[in-house]
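# Summary of the model geometry
Chain by chain, the residues:
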Amino acid sequence: MRILSGIQPSGQLHLGNYFGSMKPNLEYVGKGDMSLYMIVDFHALTTVQNPDELRTFRNDAILDLLACGFDPDKATLFFQSHVPEHTELSWILSTVTPMGLLERAVSYKDKVQKGIAASVGLFTYPVLMAADILLYDATLVPVGRDQKQHVEMARDIAVKFNNAFGESLILPEPKIRDEVAVIPGTDGQKMSKSYGNTIPLFGSEKVIQKAIMGIVTDSKGVAEPKDPETCAVFQIHRSFLSKEDASALADTYRAGGLGYGDAKKLLFTAYMDAFGPMRAKREELMKKSDYVQEVVQDGAKKAGKVAKATMERVRKAVGLI
Ligand code: ADP
Ligand code: TRP
């Protein structure tokens, strides 16, 4: 089993990214014969086209991953753009990818609907993602539900390639955690960078507090019973809790007597308890830029070795050698 996943450095990471993508992936660190986790900065270029911003998001992403517990001794952590084979394989795969396959991509349509420019890069995003996966012979790709179609497309593209050029690429399986909930944002919609409704993972304490205290609720008074199922404060809070503790907190909401102000304070405390150690670790890492550089250079070297071997196979298969 070879495990691979990635995250875009396209904004400040938030609680939704943590519980929906990073935490499930952390469980796979060090499992299988190799686990790889990459910061997909080529992908981020489809939406971030301000160089200062991209630089900041890239730097933040590696600090965030290390602070959250991705152990570079157990997982290969690297930047996609440090391994040039990604774009080479992406081009070769694009020559066997049917237009119709890409036209069916839900994520592309969603992004265009949100107002993101419909560039060729945005359209061929799934081909680059297929290259990310196939380059490393990844068999298991843990992703959020929204990325399942992309992993299935990587499989379809590998099948097309193998049919055209002989069995050269390994078919990956998406690994979706059904129990991972969609975390609502401060306005009750899905938490997302593009909705401006996030609670950041590593913002200043003041920013976090302001975001949490600003979560939209109905106007029920302290004594009134409240519905945890429709309350964004509870829906965010539950991700921090065990099943039993979440169920006990839900009962407290239903019983009445817990005001929204106090419910938010409880959530803020849960946030600080959970992320306090990671926040401290991130502070430390900020002072160790040499170490962080070493981690990504080492990651690129390890990833590059595998990528080169795959490209050798692919070039032979298509007749470029
Ligand atoms: P955003 O919507 O903020 O731009 P991305 O689309 O970059 O986030 O998502 C990166 C990863 O984080 C994906 O795997 C996605 O499933 C997960 N994710 C994003 N937002 C949430 C959320 N609100 N709840 C759960 N998982 C989420
Ligand atoms: N598209 C993924 C996302 O937005 C990020 C990604 C790029 C990825 N390449 C990947 C995830 C390869 C898993 C494997 O979340």
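This text goes with the structure placed above it.
Summary of the structure given here.

This next bit is on the overall build of the protein chain. In terms of helices and strands, the protein chain carries 14 helices and 5 strands. Computed over its C-alpha atoms, the radius of gyration of the protein chain comes to 21 Å, within 12% of the 20 Å expected for a compact globule of 321 residues. By sequence separation, contacts in the protein chain at least 24 residues apart represent 77% of the contacts at least 6 residues apart. Carbon and sulfur atoms make up 53% of the accessible area of the protein chain, which amounts to about 15400 Å² in all. Averaging the positions of the 39 positive and the 39 negative side-chain charges in the protein chain gives two centres separated by 1 Å.

Near ligand 2 you find 13 residues, and of these Q8, Y125, M129, D132 and Q147 are the closest. Between ligand 2 and Y125, the relevant distance is 2.7 Å, taken from a nitrogen atom to a side-chain nitrogen or oxygen of the residue. At 2.9 Å, a side-chain N or O of Q147 approaches a nitrogen atom of ligand 2. Protein chains shield 90% of the accessible area of ligand 2, which is 370 Å² for the free molecule. Looking at the shell around ligand 2, the elements that each hand over two or more residues are β1 (2–7), α8 (125–134) and β4 (140–143). Of the residues assigned to the shell around ligand 2, the class counts are 7 nonpolar, 5 polar and 1 charged.

What follows covers the site of ligand 1. Around ligand 1, the structure places 14 residues, and the nearest of them are H14, D146, I183, S192 and K193. Take I183: an N or O atom from its main chain is 2.9 Å from a nitrogen atom of ligand 1. Protein chains bury 86% of the 540 Å² of accessible surface belonging to ligand 1 in isolation. Taken together, the residues of the shell around ligand 1 sort by class into 4 nonpolar, 7 polar and 3 charged.

Evaluated as defined, the whole model comprises 11 aromatic pairs. Arranged with centres 5.8 Å apart and planes meeting at 85°, the rings of F240 and F275 form a pair that is edge-to-face. Here F275 lies in helix α13 (residues 260–286) and F240 lies in the loop between α11 (232–237) and α12 (243–255), a separation of 35 residues in the sequence. Just as F240 is buried, F275 falls in that class too. Taken together, Y18, F19, F240, Y271 and F275 form an aromatic cluster joined through their ring pairs. Sitting over the face of the ring of F79, R58 holds its NZ or CZ atom 4.2 Å from the ring centroid. Its guanidinium or amino end placed over the ring of F202, R282 lies 5.3 Å from that ring's centre, counting from NZ or CZ.

A few words now on the pairing of strand β5 (residues 173–176). Across the two faces of β5 the burial differs, with P174 and I176 buried and E173 and K175 not buried at all. Direction of pairing for β4 relative to β5: parallel, over a ladder of 4 bridges. From the neighbouring strand, P142 faces β5, where its bridge partner is K175. Taken together, β4, helix α9 (residues 148–165) and β5 constitute a β-α-β crossover, and its handedness is right-handed.

About the criteria used
Starting afresh in each chain, residues are numbered from 1 along the sequence in its written order. Each chain is given a letter, starting from A, and each ligand a number, starting from 1, according to the order in which they appear as written. Only residues with pLDDT of 70 or above have their local features reported here, since the model is predicted, and side-chain atom pairs are shown and tallied only from 80 upward, although totals for entire chains, interfaces and linings are computed over all residues. To obtain the side-chain values, all non-hydrogen atoms of the structure were included, while hydrogens and water were left out. Every helix listed is a DSSP run of H or I at least four residues long, and every strand listed is a run of E at least two residues long, numbered separately from the N terminus. What the globule rule says is 2.2 Å times the number of residues to the power 0.38, and the radius of gyration is computed from C-alpha atoms. Pairs of residues are marked as contacts when any of their non-hydrogen atoms sit within 4.5 Å. Using a 1.4 Å probe, accessible areas were evaluated by the Shrake-Rupley method; residue-level cover was limited to the displayed protein chains. Two residue types count as positive, namely Lys and Arg, and two as negative, namely Asp and Glu; His and chain ends fall outside the count. Think of each charge as sitting on NZ of Lys, CZ of Arg, CG of Asp or CD of Glu. Here a residue counts as near a molecule or strand whenever at least one of its heavy atoms sits within 4 Å of it. Polar contacts, as counted here, are pairs of nitrogen or oxygen atoms within 3.5 Å of one another; within protein the pair requires one atom able to donate a hydrogen and one able to accept it, and residues that are adjacent in sequence qualify only if both atoms are side-chain atoms. Each residue is assigned to one of three groups, with Ala, Val, Leu, Ile, Met, Phe, Trp, Tyr, Cys and Pro labelled nonpolar, Asp, Glu, Lys and Arg labelled charged, and all others, Gly among them, labelled polar. Note on ring pairs: Phe, Tyr and Trp rings are taken, using the six-membered ring of Trp, and paired if centres are within 6.5 Å. Classes follow the plane angle, with under 30 degrees stacked, over 60 edge-to-face and the rest tilted. For every residue, the accessible area (1.4 Å probe, protein chains only) is compared with the maximum for its type, and the residue is labelled buried under 20%, exposed over 50%, or partly exposed between those bounds. Charge-over-ring contacts are defined here by two conditions on Lys NZ or Arg CZ: a distance within 6 Å of the ring centre and an angle within 35 degrees of the ring normal. When DSSP locates at least two bridges between a pair of strands, those strands are taken to pair. Looking down the strands as they point away from you, a crossover is right-handed if its path from the first strand over the helix to the second goes clockwise.

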